[in-house]
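The primary structure of each chain is shown beneath.
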Amino acid sequence: MDRLVEVEPSVLADPAAIVDLHRELARLEAVVTRAAAAFDASKEWQVDGAQTAGQWLATRCHLPRGTGRRRVSLGRQLRHLPVCEAAWLQGHITGPHVGTIAAVRRPETADALARDEELLVSHAEDLRFEAFVRVVAYWEQHADPDGADEREEARYRRRDVYLTESFAGMWLGKMTLDPISGSIVGGELQRREQELFELDWAEAKQRLGRDPTIVDLARTPGQRRADALVEMARRSLGAQLGDRRPAPLFSILVGYETMHGRICELAGGTVLAPRALLPWLDEAYLERAVFKPDRRVEVSETARLFTGATRRAIELRDTCCQHEYCDRPAGHCQADHIVPYNQGGPTRQDNGELLCGFHNRLKEKLSADERRQRPPPGP
């Protein structure tokens, strides 16, 4: 470590070194976590008058209190997760991976986890972290189906909004919403903010006589979100009791149990228990999307743009930008051809992919061999 500290950072700045450093960091974190659990078991922290090992760590190692407590707790869990422990010590997975798996271990799932731990660790090694979290969430639903609805109800009960007038007339607040309610409110807030962004962009372009940059706009993103929230409240004031309410706008992906196993998640990737959908079913519109049909054509294979159900199917399949280093959600992406249209690429969903504006522009500069994309989506 002393030698590494003395090395010029640029010497360690190549991609291979960065990956190796993070792997060794994971290994060191695993060693520290195991040692913290052994220290907890030794009770030596009692000599100094500490009530818990986590409290001792927080004081002597200058850690946030929660960090010391979680490190000891995770170390205890490692005794029941031998596959996780081995993979962590080898640097194949990280602390957040182990914490995600440990969080679903309880009496109802202990036997299933002992059986499937190796499978979950293999997913941790292969998948992006967000995809791995979804895998674990689905696994938890199958391992403890009776508890899935209870956990969903508990998540719903945690909803809370705090808004109060503060010093000098300013208002301060905080919002905690369950996944579906948050998707509804967040989606509408994002839509209104985008409207304000387009107004700001047009105003700046007219004022400057050129395409503006972000710093040229009249409002910051935070200010636009605040104004969008006020606009949502103003429009609510115009509604009368008994008026027909607009249908809530959120997307849920579901699948046929016999074909793919349980699929129930928001378009953004948050896994839900099916019970969470019950309050919304009387207001829901249902759409059916079949992936990879035989040469499905929405308008015409020679159409220039992806539109209608073809674009929608691509959005549901990809859910986010398909560049390896990007996860911009579908609402911020463009549907474009994999084989370029000007090279004869057909406008079919099997030749379409979602890319954010940045990576779509970047794609135009690179040849097909130079692009590093995620593997094609499965059926």
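Residues numbered from 1 in each chain as written. Predicted model: local features only at pLDDT ≥ 70, side-chain atom pairs only at ≥ 80, totals over all residues. Heavy atoms only, no water.

A.B. asks: Help me understand the pattern of salt bridges, please; the structure alone is not making it clear to me.
C.D. replies: Here the idea is simple: oppositely charged side chains can pair when their charged atoms come close. Per the stated rule, a full pass over the model turns up 31 salt bridges. The partner of Asp40 in a salt bridge is Arg76, and the shortest N-O contact between them spans 2.9 Å. One end of the pair, Asp40, is in helix H2 (residues 15–42); the other, Arg76, is in helix H4 (residues 65–78), and 36 residues separate them in sequence. When the shortest N-O distance is used, the salt bridge between Arg151 and Asp144 registers 3.2 Å. By relative accessible area, Arg151 is classed as partly exposed at 27%. Because the salt bridges share partners, they merge into one network encompassing Arg106, Glu108, Glu140, Asp144 and Arg151. (Salt bridge = Lys/Arg side-chain N within 4 Å of Asp/Glu carboxyl O. Helix = DSSP H or I, 4+ residues; strand = E, 2+ residues; numbered from the N terminus. Buried < 20%, exposed > 50% of the residue type's maximum accessible area, 1.4 Å probe, protein only.)

A.B. asks: Would you mind showing me how to read the nonpolar core here?
C.D. replies: Counting residues in hydrophobic clusters, the biggest one holds 21 residues, and the most contacted among them are Trp88, Ile93, Val98 and Ile101. Secondary structure elements with two or more residues in this core: H2, H4, helix H5 (82–89), helix H6 (95–102), helix H7 (110–126) and helix H8 (129–143). Ranked by residue count, the leading element in this core is H7, at five residues. Not counting chain neighbours up to four residues away, the residues in contact with Trp88 comprise Ala26, Arg27, Glu29, Ala30, Thr33, Leu74, Leu78, Ile93, Thr94, Gly95 and Val98. Among the nonpolar cores identified, the runner-up in size contains 10 residues, and Ala330, Cys333, Leu355 and Cys356 belong to it. (Core = buried A, V, L, I, M, F, W, Y, C linked by side-chain atoms within 4.5 Å. Contact = heavy atoms within 4.5 Å.)

A.B. asks: Can you help me understand H5 in this one?
C.D. replies: Spacing of three or four residues puts side chains on the same side of an α-helix, whose turn is 3.6 residues. Among all positions of H5, only Cys84, Ala87 and Trp88 are buried. Projection of H5 onto a plane perpendicular to its axis shows the buried side chains occupying an angular sector of 100°, all on one side. Packing partners of the buried residues in H5 comprise H2, H4, H6 and H7. The positive-phi residue at the C-terminal boundary of H5 is Gly91, with phi of around 80°. (Arc of directions from axis to C-beta.)

A.B. asks: Before we go on, may I ask you to explain the pairing of strand E6 (residues 352–356) in this structure?
C.D. replies: Note on strand geometry: in a regular strand, side chains alternate between the two faces of the sheet. Summarising burial for E6: five of the five residues are buried, a large majority. The alternating pattern of E6 places Gly352, Leu354 and Cys356 on one face and Glu353 and Leu355 on the opposite face, and all of these are buried. Relative to E6, strand E5 (residues 333–337) is paired through five bridges, and the arrangement is antiparallel. Opposite Gln334, over in E6, you have Leu355 as the bridge partner. (Pairing = 2+ DSSP bridges.)

A.B. asks: I'm lost on the confidence of the model for the chain in this one. Help?
C.D. replies: For the chain, per-residue confidence averages 85 on the pLDDT scale, and residues scoring 70 or more make up 84% of the total. Mean pLDDT across the elements of the chain ranges from a minimum in helix H12 (residues 257–260), with 43, to a maximum in H5, with 97. The low-confidence segment residues 374–379, where pLDDT is below 50, has 14 contacts with residues more than four positions distant or belonging to other chains. (pLDDT = per-residue confidence, 0-100.)

A.B. asks: What is the right way to read the packing of aromatic side chains from this model?
C.D. replies: Each aromatic ring pair is specified by the distance between its two centres and by the angle formed by the two planes. All told, the structure shown has three aromatic pairs when counted by the stated rule. Between Phe39 and Trp56, the ring centres sit 4.6 Å apart and the planes meet at 50°, which makes this aromatic pair tilted. Residue Phe39 is located in helix H2, and its partner Trp56 is located in helix H3 (residues 53–60); the two are separated by 17 residues in the primary sequence. Side by side, Phe39 and Trp56 carry an identical accessibility label, which is buried. Both rings, one in Phe197 and one in Trp201, keep their centres 5.8 Å apart while their planes meet at 35°; by these two values the pair is tilted. Of this pair, Phe197 and Trp201 both sit in helix H10 (residues 179–208), four residues apart, roughly one helical turn. (Phe/Tyr/Trp six-rings, centres within 6.5 Å; stacked < 30°, edge-to-face > 60°.)

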